[in-house]
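Architecture and fold: a report
So the chains spell out like this:
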Amino acid sequence: MELVAGCYEQVLFGFAVHPESEACGDHEQWTLVADFTHHAHTASLSAVAVNSRFVVTGSKDETIHIYDMKKKIEHGALVHHSGTITCLKFYGNRHLISGAEDGLICIWDAKKWECLKSIKAHKGQVTFLSIHPSGKLALSVGTDKTLRTWNLVEGRSAFIKNIKQNAHIVEWSPSGEQYVVIIQNKIDIYQLDTASISGTIINQKRISSVKFLSESVLAVAGDEEVIRFFHCDSLVCLCEFKAHENRVKDMFSFEIPEQHVIVTASSDGFIKMWKLEQDKKVPPSLLCEVNTKARLTCLGVWLDKVPDTRESFPPAAEPSPVSKEQSKIGKKEPGDTVHKDEKQSKPNTKKRSLASESKKATKESGLVSTKKRKMVEMLEKKRKKKKIKIMQ
């Protein structure tokens, strides 16, 4: 088990988790051991996603970087979006879906790392997306004040709902029978069968992250030190507890045998792991914490020993490869996978260890699109100089 977290300082942190029980009493105390610190991007990290083997990170530098957690090496980068990568979601071990400020949603083959489908999803930015547990549907919200339902079986839009304000988070419940849409500090709870709001929860501050702890209990974090658990049916706050000294930026929850754990990351630099009680009216107990001394932005947990049974989308849901017309939507050329050993026929031959944090590693992880732009700018300047000389 490993915690991975990104920050404004362009660094990806990795911490190995060692669950341990103290000899005296029932109190559990886990330990976190620093595994790697990797200068991952040339701008702040904005999103992270994990499956049973890979961790992917998105950034304001417009790229998605891939890390093989089994081998602890950097696998390469995906270059297709033009704008900050706002959201990344794995479905099983075969597919990754990304959204960005360019309004695109891209579906990637997580084996070959090819772009299978590029959809112009929103007129504005894609701010968040969530995949239905069945893999047949996805929801996305954007700055065009719409909530969109996507048919992943056919790779097309299924339903568009206009909302009065820009939503910044959408999340399915574990069963997929309901979902929540977040607008500032307001949580609207929708039922799938009616597509209508069944209830609304108001948080005290703007919400930064939500996670379903069960079908009816929602953990809510925002621009404050406190985390609250709300009941989705009664709409009441079951409990609240002070988790950090600054605003909570992201949360992640998972279950292992006899344990239900929630992980939190904050602007105060701390990552904390909490043991959830069966009765959600009781605040969770702290298992362990670590101070990264960085302004954290996103969080994920790589569970090595928990296989993901959802290998891919349903059989008919394999999206068709990106077409020439769709590829023109993005500013970058869709080859989309940029391995560290560019132009090599075997993409895995020159992968770099995550533990190495040298100047050379930092340069290699530079922004591909920025290099292209700089090259174009230099050529343009030379061309203009030649024109001036001819005129003189």
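Everything quoted here is computed from the prediction, not taken from an experiment.

Moving on, we get to the pattern of salt bridges. For the structure on display, the rule yields twelve salt bridges. A salt bridge links glutamate 9 to arginine 295; the shortest N-O distance between them is 3.0 Å. In this pair, glutamate 9 is assigned in the loop between β1 (2–7) and β2 (11–18) and arginine 295 in the loop between β27 (285–291) and β28 (296–302), connecting sequence segments 286 residues apart. With relative accessibility at 45%, the residue arginine 295 sits in the partly exposed group. For aspartate 188, the salt bridge goes to lysine 186, with nearest N and O atoms at 3.7 Å. Given a relative accessible area of 5%, aspartate 188 falls into the buried group.

A word on the packing of aromatic side chains. For the structure shown, the criterion picks out six aromatic pairs. Look at phenylalanine 13 and phenylalanine 15: their rings are 6.3 Å apart centre to centre, the planes differ by 20 degrees, and that puts the pair in the stacked class. Judged by relative accessible area, which is 7%, phenylalanine 15 ranks as buried. Both rings, one in phenylalanine 54 and one in tryptophan 113, keep their centres 5.3 Å apart while their planes meet at 90 degrees; by these two values the pair is edge-to-face. Of this pair, phenylalanine 54 sits in strand β5 (residues 54–59) while tryptophan 113 sits in the loop between β10 (104–109) and β11 (114–120), and the two are 59 residues apart along the sequence. A cation sits over an aromatic face here: lysine 272 above phenylalanine 270, 5.7 Å from the ring centre.

Once that is clear, we can look at the environment of threonine 42. Summarising the element assignment, threonine 42 is placed in the loop between β3 (31–39) and β4 (45–50). Classification of threonine 42 as partly exposed rests on a relative accessible area of 35%. Separated by 21 residues in sequence, threonine 42 and threonine 63 place their C-alpha atoms 9.4 Å apart.

Mapped onto the elements, serine 266 comes out in strand β25 (residues 259–266). A relative accessible area of 0% places serine 266 in the buried class. Contacts of serine 266, omitting those with residues within four sequence positions, involve His244, Asn246, Arg247, Val248, Lys249 and Leu296.

Our next topic: the sheet that holds strand β13 (residues 137–142). In space, the four strands of this open sheet follow the order β12-β13-β14-β15, with antiparallel pairing throughout. In this open sheet, the two edge strands, each paired with only one partner strand, are β12 (126–131) and β15 (156–162). When strand polarity is set aside, the average angle formed by the axes of neighbouring strands in this sheet is 20 degrees. Note that β13 and strand β14 (residues 146–151) share five bridges and pair antiparallel. The partner of leucine 139 across the bridge, within β14, is threonine 149.

The strand order across the open sheet formed by four strands is β20-β21-β22-β23, and the pairing between neighbours is antiparallel. Unpaired on one side and paired on the other, β20 (207–212) and β23 (237–242) mark the two borders of the sheet. Going from strand to strand, the sheet's axes swing by 20 degrees on average, the running direction of each strand aside. Pairing of strand β22 (residues 226–231) with β23 involves five bridges; the strand directions are antiparallel. Across the sheet, residue phenylalanine 229 finds its bridge partner in β23, namely cysteine 239.

One can expect most non-glycine residues to show negative phi and most peptide bonds to be in trans. Positive phi outside glycine occurs at alanine 195, with the angle close to 55 degrees. With respect to the element layout, alanine 195 can be found in the loop between β18 (186–191) and β19 (196–202). A positive phi angle, near 60 degrees, is found at lysine 293, a position not held by glycine. Its location among the elements puts lysine 293 in the loop between β27 and β28. Of the residues examined, lysine 293 reaches a relative accessible area of 75% and is grouped as exposed.

Here we take up the environment of leucine 235. If you trace the backbone, leucine 235 turns up in the loop between β22 and β23. For leucine 235, a relative accessible area of 31% corresponds to the partly exposed category. Residues leucine 235 and valine 217, 18 residues apart in the sequence, show an inter-C-alpha distance of 9.5 Å.

The next thing to look at is the nonpolar core. Counting residues in each nonpolar core, the largest one holds 25 residues, and the members touching the most others are Val180, Ile187, Val210 and Leu218. At the level of secondary structure, the elements contributing two or more residues to this core comprise β13, β16 (169–172), β17 (178–183), β18, β20 and β21 (217–222). Apart from the residues within four sequence positions on either side, leucine 218 is in contact with Val180, Ile187, Val210, Lys211, Phe212, Arg228, Phe229, Phe230 and Cys232. Judged by nonpolar contacts, the second largest core, of 24 residues, contains Val11, Trp30, Leu32 and Val290.

Moving on, we come to the pairing of β25. Most of β25 is tucked away, with eight of its eight residues classed as buried. Burial of β25 is two-sided: the residues Gln259, Val261, Val263 and Ala265 facing one way and the residues His260, Ile262, Thr264 and Ser266 facing the other way are all buried. Two elements, strand β24 (residues 248–256) and β25, share eight bridges in a ladder whose sense is antiparallel. Following the sheet pairing, isoleucine 256 is matched in β25 by glutamine 259. Hairpin connection, β24 to β25: the antiparallel pair is bridged by two residues, and glutamate 258 has positive phi, about 65 degrees. Where β25 lies against strand β26 (residues 270–275), five bridges are found, and the strand directions are antiparallel. Note that in β26 the partner of valine 261 across the bridge is lysine 275.

Rules used in this analysis
Residues numbered from 1 in each chain as written. Predicted model: local features only at pLDDT ≥ 70, side-chain atom pairs only at ≥ 80, totals over all residues. Heavy atoms only, no water. Salt bridge = Lys/Arg side-chain N within 4 Å of Asp/Glu carboxyl O. Helix = DSSP H or I, 4+ residues; strand = E, 2+ residues; numbered from the N terminus. Buried < 20%, exposed > 50% of the residue type's maximum accessible area, 1.4 Å probe, protein only. Phe/Tyr/Trp six-rings, centres within 6.5 Å; stacked < 30°, edge-to-face > 60°. Lys NZ or Arg CZ within 6 Å of the ring centre and 35° of its normal. Contact = heavy atoms within 4.5 Å. Pairing = 2+ DSSP bridges. Axes fitted to C-alpha atoms, helices over the stretch in contact; angles between N-to-C directions. Core = buried A, V, L, I, M, F, W, Y, C linked by side-chain atoms within 4.5 Å.

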